[in-house]
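As a plain string of letters, each chain reads:
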Amino acid sequence: MALHTETPSRASGPQPEQAQDRRGALIQTEALASLLAAIVGERGVLARPSELSAYSSDGLPGYRLRPRLAVFPHTTQQLVDVVRLLARKQCPFVARGAGTGLSAGALARGDAVVVGLNRLNRIISIDPLNRLAVVEPGAVNVTLSRAAGAYGLHYAPDPSSQTACTIGGNVAENSGGPHCLKYGVTLNHVVALKVILPSGEITTLGNADGEAEGYDLLGAFVGSEGCFGIALEVTVRLTPNPQGVRTLLADFTSIDAGARATSAIIAAGILPAALEMMDGPTIRAVEASIYAAGYPADASAVLLIELDGMDEGLDADVQRVEAHCLAAGARTVRIAANEEERTRLWQGRKKAFGAMGRIAPDLVVQDAVIPRTRLPDVLREIAAIAELRQIQVCNVFHAGDGNLHPNIGYDSRNPDESRRVGLAMRDIMQACIDAGGTITGEHGVGLDKLEYMPKIFSPESLAAQCALRDAFDPERRANPGKVVPVHSCREWVGA
Amino acid sequence: MSEPVAVPACAIPGTPLANATAGIMACVHCGFCLQACPTYLALGDENDSPRGRIFLMRSLAEGDLALDDPSVHTHIDRCLGCRACETACPSGVPYGALLEATRATLAQVVKPPLRARLILALFARRGLMRAVVAAARALRATGIPRLLARLPGDLGFAFAMLASSASPLSRARYRSRGTGARGSVSLLRGCVMEGLFAAANRATERTLVANDYTMVPAPNQHCCGALHAHAGDLEGARTLARRNIAAFEAAGAELVVTNAAGCGALLKEYGHLLADDDAWSARAAAFSARARDVSELLAAAGPRVGAPISYRVTYDAPCHLQHAQRVHAEPLVVLDAIPGLERVALVDSDQCCGSAGIYNLLEPALSAAVLAPKIAHIEVTGATLVVTGNPGCLMQIGAALCRAGVPARTVHPVELLDASYAAAARSGR
Ligand SMILES: Cc1cc2nc3c(=O)[nH]c(=O)nc-3n(C[C@H](O)[C@H](O)[C@H](O)COP(=O)(O)OP(=O)(O)OC[C@H]3O[C@@H](n4cnc5c(N)ncnc54)[C@H](O)[C@@H]3O)c2cc1C
Ligand code: SF4
Ligand code: SF4
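Residues numbered from 1 in each chain as written. Chains lettered and ligands numbered in written order. Predicted model: local features only at pLDDT ≥ 70, side-chain atom pairs only at ≥ 80, totals over all residues. Heavy atoms only, no water.

Here we take up the packing of aromatic side chains. For any pair of aromatic rings, the description rests on two quantities: the centre-to-centre distance and the angle between the ring planes. Residues and elements named next belong to chain A. Evaluated as defined, the whole model comprises six aromatic pairs over all chains. Ring centres 5.2 Å apart and planes at 55° place the aromatic pair Tyr-55 and Phe-72 in the tilted group. Linking Tyr-55 in the loop between α3 (49–52) and β3 (63–64) with Phe-72 in the loop between β4 (70–71) and α4 (76–88), this pair joins segments that are 17 residues apart in sequence. A single burial state applies to Tyr-55 and to Phe-72, both of which are buried. Each ring, one from Phe-228 and one from Phe-472, has its centre 4.3 Å from the other, and the planes form 10°; the classification is stacked. One end of the pair, Phe-228, is in the loop between α8 (217–221) and β12 (230–237); the other, Phe-472, is in helix α17 (residues 459–472), and 244 residues separate them in sequence. One aromatic cluster in this structure is built from Phe-221, Phe-228 and Phe-472. (Phe/Tyr/Trp six-rings, centres within 6.5 Å; stacked < 30°, edge-to-face > 60°. Helix = DSSP H or I, 4+ residues; strand = E, 2+ residues; numbered from the N terminus. Buried < 20%, exposed > 50% of the residue type's maximum accessible area, 1.4 Å probe, protein only.)

A few words on the environment of B:Arg426. All names here are of chain B. With respect to the helices and strands, Arg-426 occurs in helix α23 (residues 413–426). What makes Arg-426 exposed here is its relative accessible area of 62%. Separated by 255 residues in the primary sequence, Arg-426 and Arg-171 have C-alpha atoms spaced 9.9 Å apart.

Residue and element names in this part refer to chain B. Taken together, 13 residues form the shell around ligand 3, and within it Cys-37, Cys-79, Cys-82, Arg-83 and Cys-85 come nearest. For the shell around ligand 3, the elements supplying multiple residues, two or more each, are α2 (38–43) and α3 (50–62). Residue composition of the shell around ligand 3, by class: nine nonpolar, two polar and two charged. (Near = heavy atom within 4 Å. Nonpolar A, V, L, I, M, F, W, Y, C, P; charged D, E, K, R; others polar.)

This part covers the nonpolar core. One finds A:Leu193 and A:Cys325 to be the most contacted residues of the largest nonpolar core, which totals 113 residues. In terms of residue count, the dominant contributor to this core is helix α15 (residues 415–434) of chain A (eight residues). Beyond its immediate chain neighbours, meaning those up to four positions away, A:Cys325 contacts A:Ala250, A:Phe252, A:Ala261, A:Ile265, A:Ile305, A:Ala330 and A:Val333. B:Ala104, B:Leu196, B:Ala218 and B:Trp280 belong to the second-largest nonpolar core, a separate cluster that totals 61 residues. (Core = buried A, V, L, I, M, F, W, Y, C linked by side-chain atoms within 4.5 Å. Contact = heavy atoms within 4.5 Å.)

Oppositely charged side chains can form a pair if their charged atoms are brought close together. Under the defined criterion, the tally for this structure stands at 47 salt bridges over all chains. Between A:Asp158 and A:Lys350 there is a salt bridge, with the nearest N and O atoms lying 3.0 Å from each other. Residue A:Asp158 is located in the loop between β9 (153–154) and α6 (167–173), and its partner A:Lys350 is located in helix α12 (residues 339–350); the two are separated by 192 residues in the primary sequence. There is no split in this pair, since A:Asp158 and A:Lys350 are both buried. Here B:Arg283 ties to B:Glu249 by a salt bridge, and the two come within 2.6 Å at their closest N and O atoms. Remark: B:Glu249 occurs in helix α13 (residues 234–251) and B:Arg283 occurs in helix α16 (residues 281–290); sequence separation between them is 34 residues. Of the residues examined, B:Glu249 reaches a relative accessible area of 33% and is grouped as partly exposed. Among the ionic contacts, a cluster of salt bridges with common partners joins A:Asp256, A:Arg260, A:Arg374, A:Asp377 and A:Arg380. (Salt bridge = Lys/Arg side-chain N within 4 Å of Asp/Glu carboxyl O.)

Residues and elements named next belong to chain B. The terminal C-alpha atoms of α23 lie 20 Å apart, and with 14 residues this matches the ideal 20 Å at 1.5 Å per residue to within 8%. Across the 14 residues that make up α23, a large majority, twelve, are buried. When α23 is considered as a whole, its buried residues turn out to be Pro-413, Val-414, Glu-415, Leu-416, Leu-417, Asp-418, Ala-419, Ser-420, Tyr-421, Ala-422, Ala-423 and Ala-424. Packing partners of the buried residues in α23 comprise α11 (198–210), α17 (294–301), β5 (312–315), α19 (330–336), β7 (385–387) and β8 (409–411). With its phi angle positive at about 75°, Gly-428 sits one or two positions after the end of α23. (Expected span 1.5 Å × (residues − 1).)

Here the focus is the sheet that holds strand β11 (residues 202–206) of chain A. Residues and elements named next belong to chain A. Strand order in this open sheet of five strands is β7-β8-β12-β10-β11, and the pairing throughout is antiparallel. On the outer flanks of this sheet lie β7 (123–127) and β11, each paired with one strand and no other. Strand-to-strand twist across the sheet, computed as the mean angle between neighbouring axes with direction ignored, equals 15°. Pairing of strand β10 (residues 190–196) with β11, which is carried by five bridges, proceeds in the antiparallel orientation. Each residue of the ladder has a partner; that of Val-195, found in β11, is Thr-203. The sheet contacts of α4 involve β10, β11 and β12, and relative to β12 the element is tilted by about 140°. Along the sheet, helix α5 (residues 141–149) contacts β7, β8 (132–135) and β12; its crossing angle with β7, the most-contacted strand, is approximately 40°. (Pairing = 2+ DSSP bridges. Axes fitted to C-alpha atoms, helices over the stretch in contact; angles between N-to-C directions.)

The next thing to look at is the sheet that holds strand β6 (residues 113–116) of chain A. Residue and element names in this part refer to chain A. One open sheet holds the four strands; their spatial order is β2-β4-β6-β5, and the pairing between them is mixed. Edge strands, defined here as strands with exactly one partner in the open sheet, are β2 (45–46) and β5 (93–96). With two bridges joining them, β4 and β6 adopt parallel strand pairing. The residue of β6 that forms the bridge with Ala-70 is Val-114.

Residues and elements named next belong to chain B. For chain B, per-residue confidence averages 93 on the pLDDT scale, and residues scoring 70 or more make up 98% of the total. Contacts for the low-pLDDT stretch residues 1–6, under 50 throughout, to residues beyond four places or in other chains number twelve contacts. In the predicted complex, the global pTM is 0.91; the interface-specific ipTM is 0.90. (pLDDT = per-residue confidence, 0-100.)

Right, let's talk about empty space enclosed by the protein for a bit. Residues and elements named next belong to chain A. For the structure on display, the rule yields seven cavities of 30 Å³ or more. Looking at the largest cavity, its volume works out to about 790 Å³. Lining the largest cavity are 50 residues, and of these Thr-100, Gly-101, Leu-102, Glu-173 and Ser-175 lie nearest its centre. Elements supplying a minimum of two residues to the lining of the largest cavity: β5, α6, β12, α12 and α13 (352–355). The element best represented in the lining of the largest cavity is α6, accounting for six residues. Its residues assigned to classes, the lining of the largest cavity shows 19 nonpolar, 24 polar and seven charged. When we break the lining of the largest cavity down by domain, the ones giving at least three residues each are domain 1 (1–241) and domain 2 (242–356). (1 Å grid on protein atoms, 1.4 Å probe; cavity = no way out; pocket = protein on both sides within 12 Å on 5 of 7 lines; lining within 4 Å. Points joined across faces, edges and corners; volume = space filled by probe spheres on them. Domains from an automatic or database assignment.)

This next bit is on the domain arrangement of chain A. Residue and element names in this part refer to chain A. With domains assigned, chain A is organised as domain 1 (1–241) and domain 2 (242–356). Taking only C-alpha atoms into account, the centre of domain 1 sits 33 Å from that of domain 2. At the junction of the two partners, domain 1 supplies 15 residues and domain 2 supplies 16 residues. At the junction of domain 1 and domain 2, the tally comes to two salt bridges. Put simply, Lys-182 and Asp-308 hold a salt bridge, and the shortest N to O gap is 2.6 Å. Applying the counting criterion to the domain 1 and domain 2 interface returns seven residue pairs in polar contact (both at pLDDT 80 or more). It is helix α7 (residues 180–183) that provides the largest number of residues to the side of domain 1 that touches domain 2, a total of four residues. (Polar contact = N/O pair within 3.5 Å; in protein donor to acceptor, adjacent residues only side chain to side chain.)

Once that is clear, we can look at the site of ligand 1. In the vicinity of ligand 1 lie 37 residues, with A:Ala95, A:Gly97, A:Thr100, A:Ser161 and A:Thr166 positioned nearest. Chain contributions to the surroundings of ligand 1 come from chains A and B. A:Ala95 places a polar main-chain atom, nitrogen or oxygen, 2.7 Å from an oxygen atom of ligand 1. The side chain of A:Thr166 places a nitrogen or oxygen atom 2.6 Å from an oxygen atom of ligand 1. In this structure, ligand 1 is accommodated by the largest cavity. Of all the elements in the fold, those that place two or more residues in the shell around ligand 1 are β5, α6 and β12 of chain A. For the shell around ligand 1, the element with the most residues is α6(A), which contributes five residues. Considered class by class, the residues forming the shell around ligand 1 number 15 nonpolar, 18 polar and four charged. (Sits in = over half its atoms within 2 Å of the grid points.)

Here is the structure:
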């Protein structure tokens, strides 16, 4: 994978053909901008190319697509009015939360207008008795957990990006996080959604009582990557803080040994709250950053394992986990002595992706899930691919559920290296598919994984996905050109 | 999808920004800095976030955006330079250095506003600056600024700032004594500190002596140059840096101390500022290695415990101490040496107050938007003293408290320690 562009991403370069093609659209753009400004005010619309550049990437900046317009509603009513205006004008759009997505999902293809939701960030209500919270889509994940903390509750899905990403983005990607091993992903914690469909119609999916009513449309919307409409209001379940928590750090002299320990712990029937693995290069990047966590810098792998629950019985589990790690070859197993040390161990893990920025100017990350038992084989295979393509892979991932995140640092200014990185990404993905895995655990398909969809889905099942999408968005104006390759839909339409 | 686009070589060779591209490339676009950025929180536009500004810088370097693009100037001007993004960034992006390089590069094309240039020129002229602050002090002594502090708009705010610079603590004179065994120290008096916060400077000298440091005068010192560096006038800053290095070398003390977080951050960066100047780079690096915030020296000494004084206080961390110098715990250690204080935690105490050097004069509306939550959080604490170690913050927060009618004043931490020592001297301990 390398720098991809569709619309002119460089303002200075001459793009005569594109300018010609788009002239019609450009005039419309100005008119549209003033209609949008009438709803959200002048300061809620960006129309200058120089100001739109900031919205040309998400957390995967190898992709750059500069939108023609971006609009930022400040109230739910403004958002509703914006979507209805876009419906009247037949204009495609793409929602954007915090832009931390890792599949280029929030990028605007073609003439899509970016609808920024980051200003809709209020926590509408917290109901500690029923353990429910209602939030606007742009509320930041960690802000919700902090607010719930006052009642001894938290919002369980904790993507590593939680200090930045929005609940709306989490819903769209069905995001996971380290603690989802035990507590489940976003889908398991969202009970109701008020959504606006691309047509402008407002509807509520699910309900706060958690009763099923007919088809599970809530389940369909969660993980729909912005292709079914925009979540206006999200009702989530809050989780009581566990009585006791123990955090262990086990370090190994080989990745293999770490992978074996993981399999052994799960096979023994222990369900940790989290079970994360980091390899040597990742450890060293974290230790060089301001989030240095005290991981042993000479280790080839560390496992960060958290156990939680009732105080009673917790220490027995800790001993069992420790024994499994030592049996698999761990050099040491350390238990966090206090809350401060625990926070530090977790901060290192959660900021690991960012810390890898120190290794190389550009970074790509893959997100595949494989059967846990195949971890050692696949990790060995990834190492062989890295060797073959002469690139450096850093592995940091949710080992407990077999969700791999191979990161590759490179320099996009070096075309040969970019090409080799692209090849390696494909090889790695193929290896995961061959091992019985799938192409995304939690980052979504977006634009980045589009090409892999036909590798894991038959034409019939892709066509069925198009049909589902058409039920929500028959005009295909919501986040166009993402998730399901367009040609799959054409085939289906033609059939 | 289309084929890889080869990224062109730097489009603006020879500019300060061109030399900073490695820092720009360290940004991986992860977004961890977004929620740390006061201007992003206030405006909700990524162009006013660290990630967005770094993208603008990258676009300048790559030639996507022209140096005179007005949007670039708007968003770079709006940056507080608070560097909260640096302490949030796992990738180690040296944002402060990037900002200075960008401002210096942009200044080559579009001059900074007249207001800014006048202020910088004033700070660079020692005699004139002294005359101006002396006049301000005389005005403050009349009590008129406090009366005019409620005037609407920027003018009223300016009077409120002046009024709030007066020390809220009265204390008896006492003679400070110590062994001097901890080493010799020269104080950077600071233009604003010596002019309007002389009480804090004297408190600094007394508390350091009481904690066994020897004070050595450094007579030929100048403005530190921080305001110049932040505004992109790197040459102006370098000139002042060279003068100060020479002045403090001549004084001959082992360490250089300041009680102004903004000045301290730049003193510690003289080495970086003069890195390309062969004649000065080594001297500058040695100077930076000797620079300390007063709280660091006091914390290293213990510090000696004073007599009880009873106030309800809350601590607000100056950005240039917290994020630029990464000095977090030391000011609290200083407060720990004062018995009788009732300390209340301040929500978001590591967030900028919007003062940011001369920012509040250049971007008053945004500065006020950044300040508003700070004042609300302070009010909740019920503290009567807000403790913070930087003149800009002391005046910015002090002025807003005064105008909002919140019954609290601002004070430098060493002044509180000094008051505690004065109380001890009086009670003969
Ligand atoms: C350092 C780092 C670590 C990460 N760690 C994890 C992790 O541990 N687990 C994980 O699952 N992900 C992780 N991610 C990926 C990313 O943070 C998540 O996908 C997150 O949910 C995206 O949220 P966002 O607000 O940034 O959404 P964006 O990136 O802005 O958007 C993502 C998608 O959601 C759509 N969307 C946004 N808001 C709405 C809405 N209100 N209604 C409908 N559609 C909407 C957009 O159109 C887009 O398709 C990580 C990313 C980074 C940079
Ligand atoms: S935290 Fe650092 S690497 Fe991440 S977007 Fe901000 S500046 Fe870039
Ligand atoms: S220095 Fe402060 S205002 Fe400027 S980008 Fe960083 S966090 Fe934002």
